[in-house]
Amino acid sequence: MKVTFPHLGSMHIFCKAIAETAGIPYIVPPESSRKTLTLGVLHSNECICLPFKMILGNFIEALQMGADTIVMVGSGPPCRLGLYDLVQKVILEDMGLHYRWLTIPPRLTWQAIWKNHEETKELRKELSAKNILLFPYGLWMGWKKMMACEALEQLAMKVRPKEIKKGETHKRFKKALSWVDEAKTPKTLEEGIQKGKTFLQEIEQDRSRIPFKVAIVGELYTVMDPHINRGVEQKLGELGVEVTRTSWFSTHILRSLRKNKVDRASERIRFFEASKAYLGYDVGAECNVSIGEAILRSKEGYDGVVHLMPFACMPETTASGILTKVAKDWDIPILTLILDEQEIEGRIQTLLEAFVEMLEWKKRVA
Amino acid sequence: MEEKGRLGIPRALMFYRYFPFWQTFFETLGWKVMVSGGVRQKEKIVYFEDSCLPMKLLVTHAIQLKDKVDHLFIPRLVSLHRIYIMCPKFRGAPDIVRLATERKVSIIDETIDLRKGGVSLRQSFLKIAEKLGATKQESKKAFLEAEKSFSQFQKEWMDRINRIPTEQLFEMDIPTPPEGREASWRVAFIGHPYNLFDTDINKDILTLTKKLEMEIITSDSLSEKEIDQEVFDLSKEIYWSSGREIVGSLFHFLSGEIDGVIFLTSFKCGIDALLQEFIKRRLKVRGGSSLPLLILSFDEHTGREGLMTRLEAFRDVMEQRKENFKCQSSHEVMNRR
C-alpha cells in the first residue's frame, strides 16, 4: 500500500508527517507544475473549477509514480468540492489507472461510513497494529508541523515587504519549511522551528519602510496554494505590501471540528456577521467571509483587498458581484483575480503592480 | 376584489417551473401579477456580475420590471426538495438583484427551504402573504388555490410542451389544444428548466426540434422513484436536486425506448460542467447505451444556424440508427430461416 494526497499550500508536510510517524508508506505527488495542470485540464472540461484540475493532476502524477491509495478530504454541500471524488473516480477509472480511494468526511455521518465501508475494510487488513497505535501520535506531529509552517509563513509575510534584497525572504522561507519538514522527533522539530524563525528575522530589512496593508480573501484553495494563484502573496510582498489572510489550513480544520471559538476561527464569525448587510443568507464556502472581511478590513484601515477565485466558482461568483459594490460603498480598492488554466503569471504581475501604484496614488491624494 | 397593487415576477430561473403556482397565489390574494418580457435583440443583457447566463437574465428581467411594480418576487430558493438543495447562486440571487436595482424596489425574498419539513413551503408562502398584508384566512385559501392550479398545470405539461409555441407555454389563459401533430422521433430533453424553456438562453430550440418532427419528453414525466433508481448507488450522493434530476433522468432515458437524448447546459453553469464530465465518463466506462446523446452548451451568442445544423445531424444519426436496427433484425430473420 502506498498512500497519496493532493497538494494544498504546505499541507503535504502535514500529511507526510502523519504517514511517516505512523509508519505508513506514502508518495508525495511532485510539486504542482504546469504539467500537473495540463494533465488536469486534459481530463476535464473548461467550466470545471481550477482546484479540481490541479488536484486531478496531482493524483494522476502520484498514481503514475506508484501510489495506489488516494486520501482526499471531502466536503459538504453546496459547493462543487463535495462531489470532486465522485467525478474524479470515474475519470481515473476511464484513464485506466488503478487506485483505492478514501474520503475523509467533513463530518462523521452514516452516509460517510456507509459509502467508505468497503475501502476502510480493505485498508484495515493492510495496516498493522503498530500503524494504528502510532496514528494519533502522527496526527499530533502533523498538527505541530502544520502550525509551525503557518507561523513561519506569517512571519515571512511580515518580513517580505521590508527586505532589502528582493527574493531573499522567499528563499529563506523555503529553507525554513524544509527544516520543519525534515524533523523526525518533537525535539528536532522544536529546534527546527526556532532556527527557522531566527533565520527569517535575521533578513536584512529596511525597518523605516511603512508597507501598504492588503488582505487576501476568496476561495480557500486559490488563497492557500501558491501554485494555483501564481504566488500572489509573494508577488505582493515583493512589491512592498504587507499581506494578511485569515484562510489557513488549520482554520478550516478547526471549523469542520466545530471549534469556532479558537482565535482565528472566531474572527471569521465576525466577518460572517459583517456580510449580513449585503447577503441575507449563507451562500456557502467562503462567499460570506470574503465580503465581510473586505468590509471590516476597510474599517480597520487596510489599504486594499485582493479577491481570488477560480473561474466559474459558484459561491465566489456571487461574492465578486457584491464586492464591486462593497468597494464603492466603503471606498476600498478591491482587485478580483479570476484564475483559470491560462498561463497568466505575467498578467498577474502587471495587474498587481498597477494595483500597488494605485494604492500609492490614493495615499498621495488623500 | 379590488386590486391591491402590482407584483413583478422576473421571467427567469425557476419561473420556468413554478410560475403557475406563484401566479395563482398572488392573483387570489388580489395582486396584479406582472411578468417581464423577453430580452430579444433590442434590449441588452445587464452584466452586473460575471455569472452564468440564466443569472444574468434574472438581473436583466428584474431591472426591466423595477419601475413598473410595487414589489418584486424573487424568493431565496435554498432547497426545493426534502433532502437536496439548489445551486448556491440561488441563495444570493435576491441580494444580487437588490444591489443591481440599487435598493430602489421592494423585493420579497422569503427563504424557501423544504429541508425543514413538509409544511415549510406553506409556512413560507403564508409569511409572504402576511408581508403583503393578507389575513390568515385569505392566504390559506390562496395557497390551496395555487396548489390546485399547479397540479392541474403539471398534468397537462407534457402536452403543452409539444402543442404550444414555447413563448406561450406559461400563459395560463391559453388552453392546451386537445390534439398535437404527428411526430416521427421521440427525444428526451434534459437540463435545468430554465435552460429548456427560456428562449433567450436556448434560442428556442424546442420550436426547431418540433419542425424536425421530434416529440419532446422531459424529466417532468418521470417519478422521483424512477430518477432515484439510477443514482442511488453512486459512491456519493449528488446533493443538488437539479443535478440529481439531470443525471438520474439522463441515465433513465438512455436505457429507455426513445430515439435520442439532448442535454442542454449553459456555459459557466458549475453543476452542469461537473456532472457533464461525470455523465460522459461513466457512459464510457460502464457502456450500455447505443442511443445518440447530444450535449449543447449555450451562451450569449444569438446565431441559430449552428444549432440547426447540429439538430439536423442529430436527426440523421437517429435515422441511421433506426435503419441499422431494421437491417439487423431482418438479418436475424434471415438467419433463423
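Residues numbered from 1 in each chain as written. Chains lettered and ligands numbered in written order. Predicted model: local features only at pLDDT ≥ 70, side-chain atom pairs only at ≥ 80, totals over all residues.

Chemist: What is the right way to read the overall build of chain A from this model?
Modeler: When its secondary structure is counted, chain A shows 15 helices and seven strands. Computed over its C-alpha atoms, the radius of gyration of chain A comes to 21 Å, within 12% of the 21 Å expected for a compact globule of 366 residues. When the backbone C-alpha atoms are referred to their principal axes, chain A occupies close to 70 × 45 × 40 Å. With 366 residues in all, chain A has 47% of them scored as buried. (Helix = DSSP H or I, 4+ residues; strand = E, 2+ residues; numbered from the N terminus. Rg over C-alpha atoms; globule rule 2.2 N^0.38 Å. Buried ≥ 20, exposed ≤ 12 C-beta atoms within 10 Å, placed from the backbone.)

Chemist: Where do I start with the interface of chain B and chain A in this structure?
Modeler: It is common to give the size of an interface as the accessible area lost on bringing the parts into contact. Counting residues at the interface gives 36 residues for chain B, matched by 35 residues for chain A. Among the secondary structure elements, those contributing two or more residues to the side of chain B that touches chain A are β4 (76–79), α3 (88–100) and α11 (270–286) of chain B. Among the elements that make up the side of chain B that touches chain A, the one with the highest residue count is α11(B) (10 residues). Classifying every residue of the side of chain B that touches chain A by side-chain character gives 16 nonpolar, six polar and 14 charged. (Contact = placed C-beta atoms within 7 Å. Nonpolar A, V, L, I, M, F, W, Y, C, P; charged D, E, K, R; others polar.)

Chemist: Just to check I follow, could you spell out helix α8 (residues 186–201) of chain A for this structure?
Modeler: One full turn of an α-helix is made of 3.6 residues, so residues set three or four places apart face in the same direction. Residues and elements named next belong to chain A. Here α8 is 16 residues long and its end C-alpha atoms lie 23 Å apart, about the 22 Å a rise of 1.5 Å per residue gives. Listed as buried for α8 are L189, G192, I193, G196 and L200. Considered in projection along α8, the buried side chains sweep an arc of 100° and stay on one side of the axis. Across α8 from its buried face, at more than 90 degrees, point the exposed residues K187, Q194, T198 and Q201. (Expected span 1.5 Å × (residues − 1). Arc of directions from axis to C-beta.)

Chemist: Explain the sheet that holds strand β2 (residues 69–73) of chain A to me, please; I cannot follow it from the model alone.
Modeler: The strands making up a sheet associate through backbone hydrogen bonding, with each pair oriented either parallel or antiparallel. All names here are of chain A. Taken together, three strands build an open sheet; the order of strands is β1-β2-β3 and the sheet is parallel. Looking at strand neighbours, the two that pair on one side only are β1 (3–4) and β3 (100–104), the edges of this open sheet. Two elements, β2 and β3, share five bridges in a ladder whose sense is parallel. Bridge pairing in β3 places V71 opposite L102. (Pairing = 2+ DSSP bridges.)

Chemist: Just checking my understanding: could you explain unusual backbone geometry for this structure?
Modeler: Residues other than glycine predominantly adopt negative phi, and peptide bonds predominantly adopt the trans conformation. Residue and element names in this part refer to chain A. A positive phi angle, near 50°, is found at D331, a position not held by glycine. With respect to the element layout, D331 can be found in the loop between α14 (314–330) and β7 (334–339). The class of D331 is exposed, set by 10 C-beta atoms lying within 10 Å.

Chemist: Even after reading the chapter, I still don't get the sheet that holds strand β6 (residues 304–310) of chain A, so can you show me in this structure?
Modeler: Residues and elements named next belong to chain A. An order of β5-β4-β6-β7 is seen for the four strands of this open sheet, with the pairing classed as parallel. Edge positions in the open sheet fall to β5 (241–244) and β7, since each of these has one partner strand only. Averaged over neighbouring strand pairs, the angle between their axes works out to 25° when direction is ignored. Sheet analysis places strand β4 (residues 212–218) next to β5, joined by four bridges and oriented parallel. Bridged to V214 within β5 is V243. (Axes fitted to C-alpha atoms, helices over the stretch in contact; angles between N-to-C directions.)

Chemist: Even after reading the chapter, I still don't get the packing of α14(A) against α3(B), so can you show me in this structure?
Modeler: Two packed helices can be described by the angle between their axes and the distance between those axes. With their axes 9 Å apart at the nearest point, α14(A) and α3(B) run at an angle of 15° to one another. Taken together, the axis directions place α14(A) and α3(B) in an arrangement best described as roughly parallel. Along this stretch, α14(A) crosses α3(B), giving a crossing that reads as left-handed. For the pair α14(A) and α3(B), the contacting residues are A:M314, A:P315, A:T317, A:T318, A:G321, A:I322 and A:K325 in the first and B:P88, B:K89, B:G92, B:D95, B:I96 and B:L99 in the second. Each residue belonging to the contact of α14(A) with α3(B) can be placed in one class, and the counts come to six nonpolar, four polar and three charged. (Parallel < 35°, antiparallel > 145°, perpendicular 65-115°, else oblique. Left-handed = near helix turned anticlockwise from the far one by under 90°.)

Chemist: Is there a simple way to think about the domain arrangement of chain A in this case?
Modeler: Residues and elements named next belong to chain A. Assigned domains of chain A: these are domain 1 (3–127), domain 2 (144–208) and domain 3 (210–366). Here the C-alpha centroids of domain 1 and domain 3 sit 27 Å apart. Domain 1 puts 19 residues into the contact, and the matching count from domain 3 is 19 residues. Within the residue set of the side of domain 1 that touches domain 3, elements represented by two or more residues are α1 (11–22), α2 (34–42) and α3 (50–64). Of all the elements, α3 adds the most residues to the side of domain 1 that touches domain 3, at four residues. Looking at the side of domain 1 that touches domain 3 residue by residue, the class counts come to 13 nonpolar, three polar and three charged. (Domains from an automatic or database assignment.)

Chemist: When you look at the domain arrangement of chain B in this model, what are you seeing that I'm missing?
Modeler: All names here are of chain B. We note that the domain assignment places domain 1 (5–152) and domain 2 (181–336) within chain B. Placing the centre of domain 1 and that of domain 2 at their C-alpha centroids yields a distance of 29 Å. Opposite the 18 residues of domain 1 that make contact, domain 2 presents 20 residues. Secondary-structure elements contributing two or more residues to the side of domain 1 that touches domain 2 are α1 (15–28) and α2 (53–65). Per-element tally for the side of domain 1 that touches domain 2: the top contributor is α2, with three residues.

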